[in-house]
Amino acid sequence: MASAVGAAAPAGRAPTRRRTTPVWVWALPPVAVLALVFLYPLALVVQESLAPGAYTDVLASASFREALGTTVWLAVASTAGCLVLGFVLAVVIAFVPFPGGKAVAKFIDVFLSFPSFLITLALLFLYGTVGMANGLWTDVTGDPAGPFRFLTTPWGVLLAEITYFTPFVVRPLLAAFSQMETAQLEVASSLGARPLRIVRQVILPEALPALAAGGSLVLVLCLNEFGIVLFTGAKGVTTLPMLVYGKAILESDYAAACVVAVVNVALSVGLYALYRGVSRRAGA
Amino acid sequence: MLVHSRTGRWTAWIVFAVLFVPLFALPLLVIVAASFSTNWSGALPSGPTTAHYAAAVRGESLQALTTSLVTAVTASLIALTVGTWAALAGAALGRKGKRVLDALFMLPVAVPSVVVGLAVLVAYSQPPVLLNGTRWIVILAHTVLVTAFAHQSVSAAIERLDPMYEQAAAGLGARPSYVLLRVRLPLLLPSLNAAAGLCFALSMGELSATMMLYPPDWMPLPVLVFTATDRGSLFTGSALAVVLMTATLLVLLAVSRIRNRASFR
């Protein structure tokens, strides 16, 4: 392969070109595979969405507008929640060490390898109509119906998304903190700064790039989240991915599904491009 | 050390525990507890049983587990091949070319999985290639989704690779193919192994695209977990979820053991 050549000298300008295949030829097979299984299908979705009247129908429908609104506010609120929660957890793990802290960091890594719908499933046992919280209420007050019935509302989805996506913020933060000079903290503290002031004036500025990178990734993932919403089983909570699924599989209205898909893709790819820009600047 | 006073430290730890335990530890414990019980109307589950597990390891459930495993292994292997190839080719390109290639291969992460499912469904339900209704459409979608992660981790590893080794080998007269097979790929082996684990875990838990595509005879475990909970069998669903988590963790553990052994050699 020509990679050894490319690593040493700028590609394409090598003066001795006899017998060697140009470097870019090696990039063609994987790109061809990607084009066949991903880009071409995506292009077909765009083409299908251009069916006459599809855009006007969907964009004018109340269900679409509601889904768009729900998706955006859920994603923004979840991201904000993840940032706050993730920052607090990461600061304690990194700077107020406790026995078992390493295990907790490991646990957070494992948490990332589980599918998201497990969280909703667990919340059903915690706050569902039968389940721990309502059961506890019944045991204590004798009232057969407990007070917790937020699971099928957007708040249930919000709680599940914050729980599931917080590790995506904690991990880059811990990586950033591990490279931080502890001497800065010692100096600030010996000069008399209180812990909260150190967090605000020393730790937070250092954490900003990691927070920005983690936060924008979580925002994109929340916009695209499907499993959590599906498992909630709430009729009242429809996000864009749910709408795509509903239109395509339940109603077999492919043109409408494609329109919603195009809107969703535009939203998340735009934000993802932003994320890549931010994280490249942050060096993450 | 950020907090020097004893009370301050305890306050921080208590805040941590109050946030961490109910949000992260409890959910997993609750699923495990529910999978062993028949009823949950009080504070704690009741009616201990292992019947859900007995049901989870035979018939339809066992088939779903093997379906998931076969899908995940196949998708991971293909994704690893394509992703590594793209990463190696990208490293050889100039800055601009590498950027385009990276952006192309990262695109499936930004596109919602449901849309990947829809796109694959639309494209392969019509000629020239008819895959709808076969297992291959599920494997294809999983491959698309995990290739991005394989490419990302391998190309990050290539960037960290010390170019001295390959330059030394090339300087000693090794042909490019020899350098690739005997120097670069062995050096990349730990990262390839880690990427394989990541792809496998992602594919095992994939639900969004699968929901759009699965044929009746190729139903992965997450779909079965959903159908169980959807018809109200929450306890069966949680037993299946525990089987899913355990299978994923066991494979991840095996993969990381191979990695450790390889790095000792």
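Residues numbered from 1 in each chain as written. Chains lettered and ligands numbered in written order. Predicted model: local features only at pLDDT ≥ 70, side-chain atom pairs only at ≥ 80, totals over all residues.

Participant: Lay out the overall build of chain A with the relevant residues and their values.
Facilitator: Assigned secondary structure in chain A consists of 13 helices and zero strands. For chain A, the N- to C-terminal ordering of α and β elements is α-α-α-α-α-α-α-α-α-α-α-α-α. Rg of the C-alpha trace for chain A: 24 Å, well past the compact-globule value of 19 Å for 284 residues, more than 25% over. When the backbone C-alpha atoms are referred to their principal axes, chain A occupies close to 85 × 65 × 30 Å. Classification of the 284 residues of chain A by burial places 46% in the buried group. Across chain A, every contact between residues at least 6 apart in sequence was considered, and the portion connecting residues at least 24 apart equals 76%. (Helix = DSSP H or I, 4+ residues; strand = E, 2+ residues; numbered from the N terminus. Rg over C-alpha atoms; globule rule 2.2 N^0.38 Å. Buried ≥ 20, exposed ≤ 12 C-beta atoms within 10 Å, placed from the backbone. Contact = placed C-beta atoms within 7 Å.)

Participant: Report on the overall build of chain B, specifying residues and quantitative values.
Facilitator: Counting secondary structure elements, chain B contains 11 helices and two strands. Secondary structure elements of chain B, listed N to C terminal, follow the sequence α-β-β-α-α-α-α-α-α-α-α-α-α. Here chain B holds 265 residues, and the buried ones make up 48% of them. Pairs at least 24 residues apart make up 71% of the contacts formed inside chain B by residues separated by at least 6 positions.

Participant: Talk me through the interface of chain A and chain B; I want residue IDs and the actual numbers.
Facilitator: Taken together, the contacts link 80 residues of chain A with 76 residues of chain B. In terms of residue class, the side of chain A that touches chain B is built from 64 nonpolar, 14 polar and two charged. (Nonpolar A, V, L, I, M, F, W, Y, C, P; charged D, E, K, R; others polar.)

Participant: Account for the nonpolar core, with residues named and values stated.
Facilitator: Residues Val244 and Val260 of chain A together with Leu118 and Cys199 of chain B are the most contacted members of the largest nonpolar core, which totals 176 residues. Each residue touching Val260 of chain A, except ones within four places of it in the same chain, is listed here: Val58, Phe64, Leu240, Leu243, Val244 and Lys247 of chain A. (Core = buried A, V, L, I, M, F, W, Y, C linked by C-beta atoms within 7 Å.)

Participant: Account for the packing of helix 5 (residues 101-112) of chain A against helix 8 (residues 154-178) of chain A, naming residues and giving values.
Facilitator: Two measures define how a pair of helices packs: the angle their axes make with one another and the distance between the axes. All names here are of chain A. Closest axis-to-axis distance for the helix 5/helix 8 pair is 10 Å, and the angle between their directions is 135°. Between helix 5 and helix 8, the crossing angle belongs to the class labelled oblique. When the axes of helix 5 and helix 8 are compared, the crossing they make is left-handed. Two secondary-structure elements touch here, helix 5 through Ala105, Ile108, Phe111 and Leu112 and helix 8 through Pro167, Val170, Arg171 and Leu174. The residue makeup of the contact of helix 5 with helix 8, split by class, is seven nonpolar, no polar and one charged. (Axes fitted to C-alpha atoms, helices over the stretch in contact; angles between N-to-C directions. Parallel < 35°, antiparallel > 145°, perpendicular 65-115°, else oblique. Left-handed = near helix turned anticlockwise from the far one by under 90°.)

Participant: Quick one: what's the story with the environment of Leu136 of chain A, residue by residue and with numbers?
Facilitator: By the secondary structure assignment, Leu136 of chain A is in helix 7 (residues 132-141). Distance in space between the C-alpha atoms of Leu136 of chain A and Gly146 of chain A is 8.3 Å, their sequence separation being 10 residues.

Participant: Before we move on, could you go through helix 7 of chain A and cite the residues and values that matter?
Facilitator: Regarding helix 7 of chain A, the residues found buried are Met132, Asn134 and Gly135 of chain A. Those residues of helix 7 of chain A that are buried lie in contact with helix 6 (117-127) of chain A together with helix 1 (6-35) of chain B.

Participant: So, unusual backbone geometry: which residues are in play, and what are the values?
Facilitator: Generally, phi is negative for residues other than glycine and the peptide bonds are trans, each holding for most cases. All names here are of chain A. Of note, Ser252 is a non-glycine position whose phi angle comes to about 55°, a positive value. Inspection of the secondary structure assignment puts Ser252 in the loop between helix 12 (240-250) and helix 13 (254-282). Residue Ser252 is classed as exposed on the basis of its C-beta count, with 9 C-beta atoms lying within 10 Å.

Participant: How would you sum up helix 5 (residues 113-124) of chain B? Please name residues and give values.
Facilitator: Residue and element names in this part refer to chain B. Given a rise of 1.5 Å per residue, 12 residues ought to cover 16 Å, and the 16 Å separating the end C-alpha atoms of helix 5 matches this to within 8%. Helix 5 sits mainly inside the fold: 12 of its 12 residues count as buried. Those residues of helix 5 that fall on the buried side of the exposure criterion are Ser113, Val114, Val115, Val116, Gly117, Leu118, Ala119, Val120, Leu121, Val122, Ala123 and Tyr124. (Expected span 1.5 Å × (residues − 1).)

Participant: Hey, could you go over the confidence of the model for chain A for me, with residue numbers and the actual values?
Facilitator: Residues shown with low pLDDT carry predicted positions that ought not to be read at fine detail. Here chain A shows a mean pLDDT of 82. Residues at 70 or above account for 91%. Within chain A, the lowest mean pLDDT, 44, falls on helix 1 (residues 3-8) of chain A, and the highest, 90, falls on helix 4 (residues 62-95) of chain A. (pLDDT = per-residue confidence, 0-100.)

Participant: Help me get a handle on the packing of helix 2 (residues 28-49) of chain A against helix 5 of chain B, residues and values and all.
Facilitator: Contact geometry for helix 2 of chain A and helix 5 of chain B: axes closest at 8 Å, N-to-C directions at 85°. It follows that helix 2 of chain A is roughly perpendicular to helix 5 of chain B by the angle criterion. Mapping the contact onto sequence places Tyr40, Pro41, Leu42, Leu44, Val45 and Glu48 of chain A in helix 2 of chain A and Val115, Leu118, Ala119, Val120, Val122 and Ala123 of chain B in helix 5 of chain B. Broken down by class, the residue content of the contact of helix 2 of chain A with helix 5 of chain B amounts to 11 nonpolar, no polar and one charged.

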